[in-house]
Amino acid sequence: MKNFNQTIQYLGMIGLIPLSSCFGKTEPNSEAQTAPNVIYVFPDQMRNSAMEFWSSERYAQHIRYKGDPVITPNLNKFANESVVFSSAFSNCPLSSPHRGSLLTGMYPNKSGVPLNINSSRPISSLGEDVTTISDLYSQNGYNCAYIGKYHLDYPTPNDPDHPGQYVENRDPVWDTYTPPEKRHGFDFWYSYGTFDVHKKPHYWDNEGKRHEIREWSPKHEADIAISYLKNNNGERDSNKPFFMMVSMNPPHHPYSSLDDCMEEDYNLYKNKTPGELLIRDNADTTMAKAASASYYFAQVTGVDREFGRILQTLDSLGLAENTLVVFASDHGETMCSHSLNDPKNSPYAESTDIPFLIRYPDKLKPKVDELLLSTPDIMPTLLGLCGLSEAIPQEVQGRNFADYLLTGKSEISLPQSALYIRNMDGEKDENGKVITYFPETRGVKTERFTLALTINKETKELKKTYFFDNRTDPYQLNNLPPDSYPAEMKMLLTELGQKLKNIDDPWYQEQILSDMIPYGKEENKKTKNHPEAIL
Ligand code: CA
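Residues numbered from 1 in each chain as written. Predicted model: local features only at pLDDT ≥ 70, side-chain atom pairs only at ≥ 80, totals over all residues. Heavy atoms only, no water.

Thoughts on the domain arrangement of the protein chain
Annotation of the protein chain at the domain level lists domain 1 (36-407) and domain 2 (417-510). With centres defined by C-alpha atoms, the gap from domain 1 to domain 2 works out at 25 Å. Each partner contributes residues to the interface: domain 1 has 33 residues there, and domain 2 has 33 residues. Roughly 2,900 Å² of surface becomes buried between domain 1 and domain 2 when both sides are summed, with 58% attributable to carbon and sulfur atoms. Three residues stand out in domain 1 for area buried against domain 2, namely Arg64, Pro347 and Leu372, and they jointly supply 24% of the buried area on that side. Taken together, the connections running from domain 1 to domain 2 amount to three salt bridges. (Domains from an automatic or database assignment. Contact = heavy atoms within 4.5 Å. Buried area = accessible area lost by both parts, 1.4 Å probe. Salt bridge = Lys/Arg side-chain N within 4 Å of Asp/Glu carboxyl O.)

Right, dumping it as structure tokens:
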């Protein structure tokens, strides 16, 4: 079946049969359909609660915490037209690991990207040989565009303007140029590695020419995306479907002045106190970071406007009907919750819970869905929604929920939990380069509970337990004693062991905390097609 479909798609690509007949169902009587375009817009540190519609009655009943007092008119409208995921989970809530899983459909232990990428960590980089979602769209007749922050390549001294040098003078180096051989099927490139000066961004284009821009990055990126949609400069083949990723850095620190956001957006929040803006019960408004809240929400409102401009263009070009649009984020932002300065990389809801909305007119009926969507599920699910289920590689660990979304029924059981993962630097070589990673924390989030276990780096013994009943304590203020709910704890540990085994995690391989975590007897490893155990 796989070969048959690939052959049919290949014939379409080389023009022997219409491309429109190569996608979708292959039953003889099914109506030929044109492969949908896909637009995936994802800002960086936008937490799920930072969308205004959660505060309205229709949506508020689906989440346990309060929506932030933020203004997002475009997302409000978009939500009404979309499947809105209330429980999408960023499993390893940090830029590079999230992006590695997003593109490959694999967890950080298999994607090649276990740690945030910079020049001190050669252990972490998206490999040239790995198969990404963009490789697959490209192989199946799509044009693929990447606009904005990438943060998936290990920096090397490959500055196109200064051969032999890095693109920045920092140690470690974070930003980098991605050459064509590392672009994974993206044939339109307007991107950078990582760089946080929001009104002085830069990008390298297809040919490696650097563009220095003097405007707010999301606005500029929306302009590039709009030009791509309009095909102003022949960016794409108008006979092909396209897959376009737009990675906006804001909301992302710094959040400290009008250099970071648009004044019109800041004016909406500038007269509010930190206490009026940070309304979660766990927010510590005495922190110095509390002064960032107005800039954070200003960035969110600005991103909302730029997203709205992309949608408007899609409408005006008549492309909206046959375009699947996703709005998501890398991970969240703690923004003074739990008195944390670290915005991400923790098991708290502010860090892990991300926006995830899919609009696919006529195919997906707008609703709120409580599916516990994990990052690796995104790649196979999007391919599935485009009729490309057969193209999903066997090694992909994420699960394809396209049938469930399209029909409300699923042959595979729905997930009972999502994995939480935090890795730290491991061993270093004689030059101080990180050559292994330390799998510091593993956990599971279920509909009700959050459990995460941190181990000591030297002894591998339990160092800290995070255990929250999100039903009675949605702000995770009360870290429960592990024996508070013995039956539920047993269930959570069983689920954790099973999941770590399924993904062949280092914890399973090393049998970490095996006195607590039942990894199960040696048996045939489950494949992606087997249903998960229902607990
Ligand atoms: Ca990030």
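Examining helix H12 (residues 375-385)
The buried count for H12 comes to eleven of eleven residues, which makes it a mostly enclosed element. Elements in contact with the buried residues of H12: strand E1 (37-41), helix H4 (95-104), helix H6 (133-139), strand E8 (323-328), strand E9 (356-359) and helix H13 (402-407). A positive phi of about 80° marks glycine 387, the residue just after H12. (Buried < 20%, exposed > 50% of the residue type's maximum accessible area, 1.4 Å probe, protein only. Helix = DSSP H or I, 4+ residues; strand = E, 2+ residues; numbered from the N terminus.)

Some details on the coordination of the calcium ion
Coordination of the calcium ion by the protein involves Asp44 (OD), Asp44 (OD), Ser95 (OG), Asp330 (OD) and His331 (NE2), with metal-donor separations of 2.0 to 2.9 Å. Written as a sequence motif, the donor residues of the calcium ion are D-x50-S-x234-D-H. Pair noted here: serine 95 is in helix H4 and aspartate 330 is in the loop between E8 and helix H11 (349-352), with a separation of 235 residues, a long-range link. The same class applies to serine 95 as to aspartate 330, namely buried. (Donors = N, O, S within 2.8 Å, 3.2 Å for Na, K, Ca; no water.)

A short note on the side chain of arginine 183
Mapped onto the fold, arginine 183 is located in the loop between strand E3 (143-149) and strand E4 (188-192). It is aspartate 205 that comes nearest to the buried, bridge-free arginine 183 among opposite-charge side chains, at 6.5 Å. Apart from the residues lying within four places of it in its own chain, the contact partners of arginine 183 are Tyr177, Thr178, Trp189, Asp205, Asn206 and Gly208. (Lys, Arg positive; Asp, Glu negative; His and termini not counted.)

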